[in-house]
Amino acid sequence: FGAMAGENLKVLNALDVAKTQWYHFTAIVIAGMGFFTDAYDLFCISLVTKMLGRIYYHTPGSPKPGILPPNVSATINGVALCGTLAGQLFFGWLGDKLGRKKVYGITLMLMCICSIASGLSLGSTPGAVMATLAFFRFWLGFGIGGDYPLSATIMSEYANKKTRGAFIAAVFAMQGFGILAGGIFAMIVSSAFSAKFKAPAYEVDPEGSTVPEADYIWRIILMVGALPALLTYYWRLKMPETARYTALVAKNAKQAAADMSKVLQTEIEAVEEAQKQEEEGGEGKGYGLFSRDFMKRHGFHLLGTATTWLLLDIAFYSQNLFQKDIFSAVGWIPPAKTMNAIQEVYTIARAQTLIALCSTVPGYWFTVALIDVVGRFAIQLMGFFFMTVFMFALALPYNHWTKRDNRIGFVVIYSLTFFFANFGPNATTFVVPAEIFPARLRSTCHGISAAAGKLGAIIGAFGFLYLAQSPDPKKTDAGYPPGIGVKNSLIALGVINLLGMAFTFLVPEPKGKSLEDLSGENDGGGENV
């Protein structure tokens, strides 16, 4: 049986020790563009929800601009997350069945079509527009979900072992740029419209403050999400299937060698004997996802990657609750009635872009720089630790932070929390599942972990929307039942981060090891993992 492993390893070894070269960077850009688009699409909806409220839910004579009713708002924001969850499971499984490359083109096409369609949401009543928007956002999410396991797996299978972590993290870090691009583009569009169509503030003229042309703005912002994906579609089709898939799953060492020789500009030869040996000795290796073998070797690993991602995303997505309050509190966003519809898009986009520039983007790149130096485990543990500390620092003296003079401190600590999410578990939970599972289950397991994360996102975004409501029924937002209040919600988030620290201990450290060593594919089946 050794010979088979030997042959495959020649190809894979060549990948493991390959010098970092131009080709690796093109792979980062091609895989990263998917993530750029994901972040743009998932994120840009938060820029336009306020405007949708003004356009479609305006109440004549009301002192405040129209807002989306809680159930509509939850649907528009949440439906893409539900689609993503479904897509991660489905495409993760499909990526192991059909190969990474085949499925990669499908997800991208789906993202392009649905981005454009969501901007064309039509209907004669507000309900109909929202329903078509929600429908296409769901399928957009479905395509985005497929991008998670595939991008991570493709990057990890292409990379060499020395800088693999940094490459996978760099793909993920493209999210930061997607968020920036979303914010900046929304600012450009809204200022252009502002210049052309002058409008009074809402309090001056409620009807006139939302010009009819405003309806184009949110559509343009949503549709531009298709552009970066379309641009990389051609390159995605040209990328060869990853050698690890071809050699280990499709069992074609020769093809793998040929593909990689082209790409790495070196000669790798594969020998025929491999296939013969394989037929005689390769039985024990084919354990499936639900087998006892898998449970024994990778059960805790999968539990670890799924729970840490779940817990992280509960904390990470609950930020959306506080974001608006924080911006208004610091005075980055003036009261809605003092602006017209287009100005409002501009100010929200500006605030989000600032946050992205100051805490989100730097956090990602810190991870890229250090992940192969200090390792995944250390970064994840440290990230959860600081997130716990800062959440408690916000929660315990919460009344202190609500006073006007202390608000800047609140924002600083708040941004630090998200800096350490990105320079911490937000990046590592994405990297590790792409490294520690066997090739034929790799994208499935990554999909399962990512889907657990999205479940956390749904809990974070909606559970906390209700939880954070004031316990006093008179003080809740329109349409919400009383909750446990912001202070207690923050304490709960602190506890969640603490749990994340605990579950991190289930996950092995993949730094500097080859993928086959990690998954036990080298030793005929990996009894001694």
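Values in this document were obtained by computation on a predicted structure and should not be read as measured data.

K.L.:
Pulling in residues and values, what's your account of the overall build of the protein?
P.N.:
Within the protein, the regular secondary structure consists of 21 helices and zero strands. Expressed as a percentage of the 529 residues in the protein, the buried residues total 57%. Considering only residue pairs separated by 6 or more positions, the protein has 82% of its internal contacts joining residues 24 or more positions apart. Carbon and sulfur atoms make up 69% of the accessible area of the protein, which totals about 20,700 Å².

K.L.:
Tell me about helix H20 (residues 485-504), and please be specific about residues and values.
P.N.:
The first and last C-alpha atoms of H20 sit 29 Å apart over 20 residues, in line with the 28 Å expected at 1.5 Å per residue. For H20, every residue scored as buried is listed here: Gly485, Val486, Ser489, Leu490, Leu493, Gly494, Ile496, Asn497, Gly500, Met501 and Thr504.

K.L.:
Outline the nonpolar core, supporting the account with residue identities and numerical values.
P.N.:
Ranked by size, the top nonpolar core spans 127 residues in total, and within it Met51, Met130, Trp218, Ile221, Phe430, Leu490 and Leu493 carry the most contacts. For this core, the leading source of residues is helix H2 (residues 22-56), giving 18 residues. Of all hydrophobic cores here, the second largest spans eleven residues; its members include Leu289, Phe437, Leu441 and Val507.

K.L.:
Go over the packing of helix H14 (residues 341-374) against helix H15 (residues 376-395) with me, naming the residues and quoting the values.
P.N.:
Contact pair H14 / H15: the axes reach a minimum separation of 7 Å and the direction vectors enclose 120°. Taken together, the axis directions place H14 and H15 in an arrangement best described as oblique. Each of Thr367, Leu370, Ile371, Asp372 and Val374 in H14 lies in contact with H15, whose residues at this interface are Arg376, Ala378 and Ile379.

K.L.:
Talk me through the confidence of the model for the protein; I want residue IDs and the actual numbers.
P.N.:
Should pLDDT be low for a region, the predicted coordinates there are not to be read in detail. For the protein, per-residue confidence averages 83 on the pLDDT scale, and residues scoring 70 or more make up 88% of the total. Looking at the elements of the protein, mean pLDDT is at its lowest for helix H11 (residues 273-281), recorded as 38, and at its highest for H15, recorded as 93. Confidence over residues 271-284 falls short of pLDDT 50; this stretch has 17 contacts with residues more than four positions distant or in other chains. Note that pLDDT drops below 50 for residues 525-529; the model gives that stretch nine contacts with residues more than four away or on any other chain.

K.L.:
Please give an account of the packing of aromatic side chains that cites residues and values.
P.N.:
Inspection of the entire model under this criterion finds 34 aromatic pairs. Relative to Phe142, the ring of Phe91 has its centre 5.2 Å away and its plane inclined at 55°; by these criteria the two rings are tilted. With Phe91 in helix H3 (residues 70-98) and Phe142 in helix H5 (residues 126-158), this residue pair connects regions lying 51 residues apart in the sequence. Neither Phe91 nor Phe142 differs from the other in exposure class; each is buried.

K.L.:
Please give an account of the packing of H2 against H5 that cites residues and values.
P.N.:
The interhelical angle for the contact between H2 and H5, taken along N-to-C directions, is 160°, at an axis separation of 10 Å. In this view, H2 runs roughly antiparallel relative to H5, as classed from their interaxial angle. The two elements H2 and H5 cross, and the hand of that crossing is left-handed. Looking at side-chain class alone, the contact of H2 with H5 contains 18 nonpolar, three polar and four charged residues.

Reading the values: rules and limits
- Residues numbered from 1 in each chain as written.
- Predicted model: local features only at pLDDT ≥ 70, side-chain atom pairs only at ≥ 80, totals over all residues.
- Heavy atoms only, no water.
- Helix = DSSP H or I, 4+ residues; strand = E, 2+ residues; numbered from the N terminus.
- Buried < 20%, exposed > 50% of the residue type's maximum accessible area, 1.4 Å probe, protein only.
- Contact = heavy atoms within 4.5 Å.
- Areas by Shrake-Rupley, 256 points an atom, 1.4 Å probe, with all protein chains shown as cover.
- Expected span 1.5 Å × (residues − 1).
- Core = buried A, V, L, I, M, F, W, Y, C linked by side-chain atoms within 4.5 Å.
- Axes fitted to C-alpha atoms, helices over the stretch in contact; angles between N-to-C directions.
- Parallel < 35°, antiparallel > 145°, perpendicular 65-115°, else oblique.
- pLDDT = per-residue confidence, 0-100.
- Phe/Tyr/Trp six-rings, centres within 6.5 Å; stacked < 30°, edge-to-face > 60°.
- Left-handed = near helix turned anticlockwise from the far one by under 90°.
- Nonpolar A, V, L, I, M, F, W, Y, C, P; charged D, E, K, R; others polar.

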